[in-house]
Structure formats: C-alpha cells, structure tokens
Amino acid sequence: AVPRTRILATGGASHNKKILQVLSDVFSAPVFTIDTANSACLGSAYRAIHGLVAERNVSLADVVKLAPEPRLAVTPTPGAEEV
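A brief report on the enclosed structure follows. Quantities reported herein were computed from a predicted structural model and do not represent experimental measurements. (Residues numbered from 1 in each chain as written. Predicted model: local features only at pLDDT ≥ 70, side-chain atom pairs only at ≥ 80, totals over all residues. Heavy atoms only, no water.)

### Some thoughts on helix α2 (residues 42-53)
In a regular helix each residue adds 1.5 Å, so 12 residues correspond to 16 Å; α2 covers 17 Å between its end C-alpha atoms and thus fits that length. Each element contacted by the buried residues of α2 is listed here: α3 (60-64). (Helix = DSSP H or I, 4+ residues; strand = E, 2+ residues; numbered from the N terminus. Expected span 1.5 Å × (residues − 1). Contact = heavy atoms within 4.5 Å.)

### A short note on helix α1 (residues 17-27)
One side-chain oxygen at the N-terminal end of α1 lies 3.0 Å from the backbone nitrogen of Lys18; it belongs to Asn16. Within two residues after α1, Ser28 carries a phi angle of roughly 50°, on the positive side. (Polar contact = N/O pair within 3.5 Å; in protein donor to acceptor, adjacent residues only side chain to side chain.)

### Points about the pattern of salt bridges
A side chain of one charge can pair with a side chain of the opposite charge if their charged atoms are brought near each other. As enumerated under the stated definition, the model contains 1 salt bridge in all. Of the charged contacts, one joins Asp62 and Lys65 as a salt bridge, the two residues approaching to 3.3 Å between their closest N and O atoms. Residue classification places Asp62 among the partly exposed positions, given a relative accessible area of 38%. On the basis of relative accessibility, which here comes to 64%, the residue Lys65 falls in the exposed class. (Salt bridge = Lys/Arg side-chain N within 4 Å of Asp/Glu carboxyl O. Buried < 20%, exposed > 50% of the residue type's maximum accessible area, 1.4 Å probe, protein only.)

Encoded structure:
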C-alpha cells in the first residue's frame, strides 16, 4: 500500500537521521531525502523550466519528472502513533 503522506526533507537537517526519525514518528509518514546541493532553490528552478516550456503545453508534473528520485531515509517506528 502506498502511504497517503510522505515527507521530503532537504537542507542541512536532512542529514540528521534522528531529526528525520522524529518527523517520521510525529507525522506517521516515511521521510525521503534527495542528494541535491542547494535543494532550497530546486522548486524555483523547476518552475523556471516550466515557464520556458509552457507554450509547448508541457505540464509542471512532466517537468518535475526530471527531478532526482528521492530515497527513503526513515519510516515510522512501530507503535510511535500510540505515544
């Protein structure tokens, strides 16, 4: 089953497994990371690409398909939702 929610963590804190585990446990969702430098600018870059190809009827979803595949970093600890 595919989870309804997933978290994509970027930036410096995304390298800290303990922080990622807390996020996963609190939101009861898997946390994914991407190995991309300056990931905070990534969304803007994809929007810019989308703007350049918009007159060719390319959707933002199609542009974002070019993004690096996020990798699973952590999953919720069993029983965490009860805490």
